[in-house]
Amino acid sequence: MSLVANNQYQKIANSCLIIRELIRGRKSRIGLAHLLGLQPSTVTYSTARLIESGLIREEEASSGGKSGRKGILLGLNPDYGRVCGIELLVGYYRIVTCDISGSIISHGTYVYDDTITAPLGTKERFIQLLACTRRQMEILTQGYPIRGVCIAIAGIISHDFHTIIDSWTHGLHGDDFAEHLLSCPYPVWFENDANCAAQKALFKDKFTNDSFLYSLVHYYKKETIPSNVPAVGIGMGVVIDGSLYRGWTNRAGEFRSVLYSGSSFNGQLALTNENLIALETDEHLQKAFMKELLSNLFSAEAIINPRTIFLGGDLVKKALVERVLQTEFPSMGTYVQEEESLFHIVDDATWDVSHGACITVLSSMFHIPHVGEQNLMAWEWKERIGQ
């Protein structure tokens, strides 16, 4: 093993450890050394490089110690740049911009402009959607450097993060967008939307090595999707022992009900598509839908043994979940939201995917590498501090 390479790895790893700790709040150099088990000289060296790169800065403490002098704390520099998360839906899109601590700077929901002219469910249309969202995103960042962008979509994303294996709503199958993404002057990649929501739940999680599922439900107006696509889509983000689990072929979390007996490649539920379309207003069908969803989640819980299952997105209402639990699964417990409850209903999941996409960028930026690991994203600051 190359000693130079190992030395570079250690410098990057130490810096990532420091940054991840500073995301939780400002710290002194001595405090960082104590929390991370590093030598004070190592912290001094690493933080000097991080200050030089512009990632962190020195700040005065609000009050001094016994000497009356104000102490010096280290904190992340909010002016270093912005990270952006885009939830790319078929009828509209959401953008969240964050600073490098993950704090939201702006968020908004937008409709596509009149440059979108290609037919539904085509690669040409998807490229137009990407261009439209990029223009709006660059306006929102107000001239700050863009350090990374994650685009969240409903679909299966390859391990290279630029190939979309399948996205029924966008009509994509094995389409590689590497050339298009690499044309941007900042790192851009795709991620599954439920995985992004799970990353948001994992961010600053108080549970060590947490395990949970995030079940994300989408309801689509029939005029916004290709004619052969169901009106409801369900995906799950799977977190095991504190890490997002993707599965052997990146398909972990792909939902298909045990009650489904059809032959359609994109079928997920026993309910017909006519019934799925009517879910928006039909309370009887909403109850049937929730019963089928919860039945499958109970099976997943028995296999994975998560701490909790987050339920978020369209058609998910606390009153509906509680009513179905009480009437259809009385032996399983009737309460949600309690500390020890299996189900946690997300009261407002509007920004979970787009904010989670920002967190996905930060998780990649500050990922602690393994020796010899080749990171797909060439972050400029890592190259500088590893020299």
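Refer to the structure above for everything that follows.
Just so we're clear, the structure is a prediction, and the values are computed from it rather than from any experiment.

### Looking at the overall build of the protein
Helices and strands together make up the secondary structure of the protein, namely 11 helices and 15 strands. For the protein, the residues scored as buried account for 51% of the 387 residues in total. Carbon and sulfur atoms form 51% of the exposed surface of the protein, whose accessible area is close to 18,600 Å².

### What to know about helix α9 (residues 318-328)
Taken as a whole, α9 has its buried residues at Leu-320, Val-321, Val-324 and Leu-325. Buried positions in α9, seen along its axis, are confined to an arc of 130 degrees and lie on one side of it. Structurally, α9 contributes buried residues whose contacts are with α8 (283-304), β14 (308-313) and β15 (343-345).

### With respect to the packing of helix α6 (residues 193-202) against helix α10 (residues 352-365)
The interhelical angle for the contact between α6 and α10, taken along N-to-C directions, is 75 degrees, at an axis separation of 7 Å. One way to sum up the angle between α6 and α10 is to call them roughly perpendicular. Of α10, the residues touching α6 (which contributes Asp-193, Cys-196, Ala-197, Gln-199 and Lys-200) are Asp-352, Val-353, His-355, Gly-356, Ala-357, Ile-359, Thr-360 and Ser-363. Class assignment for the residues of the contact of α6 with α10 results in five nonpolar, five polar and three charged.

### Here's the deal with a nonpolar patch on the surface
Residues Ile-240, Tyr-245, Ile-303 and Ile-304 make up a contiguous nonpolar surface patch of about 390 Å² in total accessible area. Structurally, the position occupied by Ile-240 is in strand β12 (residues 232-240).

### Structural notes on the sheet that holds strand β6 (residues 146-153)
Ordered by their spatial adjacency, five strands build an open sheet running β5-β4-β3-β6-β10, and the pairing between neighbours is mixed. Only two strands of the sheet have a single neighbouring strand rather than two, namely β5 (104-110) and β10 (188-192). Within the sheet, the average angular offset between the axes of one strand and its neighbour, ignoring direction, is 20 degrees. Helix-sheet contacts for helix α4 (residues 123-140) involve β3 (82-88), β4 (93-98), β5, β6 and β10, and the interaxial angle to β4 is about 35 degrees.

### Quick word on α6
Across the 10 residues that make up α6, a large majority, eight, are buried. Buried within α6 we find Asp-193, Ala-194, Asn-195, Cys-196, Ala-197, Ala-198, Gln-199 and Leu-202. If you follow the buried residues of α6, they end up packed against β6, β10, β11 (212-219), β12, β13 (243-244) and α10. Its side-chain oxygen at 2.9 Å from the backbone nitrogen of Ala-194, Asn-192 defines the N-terminal cap of α6. Once α6 finishes, Lys-204 follows within two positions and takes phi at roughly 55 degrees, a positive value.

### Notes on the environment of Ser-41
Following the sequence through the fold, Ser-41 ends up in helix α3 (residues 40-53). On a C-alpha basis, the gap between Ser-41 and Ile-30 in space is 9.8 Å, while along the polypeptide they are 11 residues apart.

### Structural notes on the pairing of β5
In the sheet, β4 pairs with β5 via six bridges, with the strands oriented antiparallel. Residue Tyr-93 lies in a different strand from β5, and its bridge partner there is Tyr-110. In this structure, the hairpin formed by β4 and β5 is closed by a connection of five residues, where Gly-102 is found at a positive phi of approximately 90 degrees.

### Quick notes on the sheet that holds strand β7 (residues 156-157)
Read across the sheet, three strands follow the order β7-β8-β9 without closing on themselves; strand pairing throughout is antiparallel. Each edge of the open sheet carries a strand with a single partner, namely β7 and β9 (172-176). Note that strand β8 (residues 163-167) and β9 share four bridges and pair antiparallel. Paired with Thr-163 across the bridge in β9 is Asp-176.

Conventions and cut-offs
Residues numbered from 1 in each chain as written. Predicted model: local features only at pLDDT ≥ 70, side-chain atom pairs only at ≥ 80, totals over all residues. Heavy atoms only, no water. Helix = DSSP H or I, 4+ residues; strand = E, 2+ residues; numbered from the N terminus. Buried < 20%, exposed > 50% of the residue type's maximum accessible area, 1.4 Å probe, protein only. Areas by Shrake-Rupley, 256 points an atom, 1.4 Å probe, with all protein chains shown as cover. Arc of directions from axis to C-beta. Contact = heavy atoms within 4.5 Å. Axes fitted to C-alpha atoms, helices over the stretch in contact; angles between N-to-C directions. Parallel < 35°, antiparallel > 145°, perpendicular 65-115°, else oblique. Nonpolar A, V, L, I, M, F, W, Y, C, P; charged D, E, K, R; others polar. Patch = residues over 30% accessible without salt bridge, like charges linked within 9 Å, V, L, I, M, F, W, Y side chains within 5 Å. Salt bridge = Lys/Arg side-chain N within 4 Å of Asp/Glu carboxyl O. Pairing = 2+ DSSP bridges. Polar contact = N/O pair within 3.5 Å; in protein donor to acceptor, adjacent residues only side chain to side chain.

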